[in-house]
Amino acid sequence: MLKKILLVVAALGLILAVVVALQPAAFSISRSATISAPDSVVFAQLNDFHNWEAWSPWSKLDPAMKATYAGPAAGAGAEYSWAGNKDVGEGRMTILESTPSSAVRIKLEFLAPFAATNTAVFTLTPTTNGTIVVWTMTGRNNFMAKGANLVMNMDKMVGGDFEKGLAQLKTISEAAVPAPLAAPAP
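Here's a quick rundown of the structure.

Each value, and the rule that gives it
Residues numbered from 1 in each chain as written. Predicted model: local features only at pLDDT ≥ 70, side-chain atom pairs only at ≥ 80, totals over all residues. Heavy atoms only, no water. Pairing = 2+ DSSP bridges. Helix = DSSP H or I, 4+ residues; strand = E, 2+ residues; numbered from the N terminus. Axes fitted to C-alpha atoms, helices over the stretch in contact; angles between N-to-C directions. Contact = heavy atoms within 4.5 Å.

1. Some words on the pairing of strand β7 (residues 130–140)
Now for step 1: Bridging between strand β1 (residues 26–35) and β7 involves 10 bridges; their strand directions are antiparallel. Bridge assignment links R31 to a residue of β7, and that residue is W135.
Now for step 2: Where strand β6 (residues 116–127) and β7 come together, nine bridges link them in antiparallel fashion. Note that in β7 the partner of T127 across the bridge is G130.
Now for step 3: In this antiparallel pair of consecutive strands, β6 and β7, the connection spans two residues.

Okay, here's the thing in structure tokens:
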């Protein structure tokens, strides 16, 4: 009897392993927002990690989080490292490419609670109403991440954080736009 139970458990484990292995290896999460501010104003928020604390959806999760900066103050080569509680973990971001008022591409390295390396890209498109910002993160799922995706919707979880961050970025960017000068009295 025990042998049959063990064979059934082993078969179920094998089936689960095959299902997990067949999950997509690549992922992409993307959200966008229209911000009533010039692309140069929005770009300044994205291109300088020192500005991220004000709008990042993760910066408020651990008030005691330790943040360090390295490299140039902004643009390509700028680095931001963090170490915090279980909600924010530990990692590092490095700006790989910075195209003024157009795009910022970042290498995103998670060190704890899990190791992963992804790419985050912010693209800015000027419109008559301001700037459309698209925040995209892409990467590869290892076996454990594929398994986690069977029970958690990572697009909803991370996408929800992106939406919060974009809403904060919108508030801060729009507040940074100088008010138009009032017309002189006749």
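So that's the structure; there's more coming.
2. A look at the sheet that holds strand β4 (residues 90–99)
Now for step 1: Overall, antiparallel pairing links the seven strands, which are arranged β1-β7-β6-β5-β4-β3-β2 in an open sheet. Where the open sheet ends on each side, the last strands, each with one partner, are β1 and β2 (66–70). For this sheet the average axis-to-axis angle between neighbouring strands, irrespective of direction, equals 20°.
Now for step 2: As judged from the five bridges shared by strand β3 (residues 79–83) and β4, these two strands associate in the antiparallel manner. Counted as the bridge partner of E79 is T94 from β4.
Now for step 3: Packed on one face of the sheet, helix α2 (residues 39–46) meets β1, β4, β5 (103–112), β6 and β7 and runs near 165° to β6.
Now for step 4: Packed onto the sheet, helix α5 (residues 154–175) meets β1 and β7 and runs at close to 25° relative to β1.

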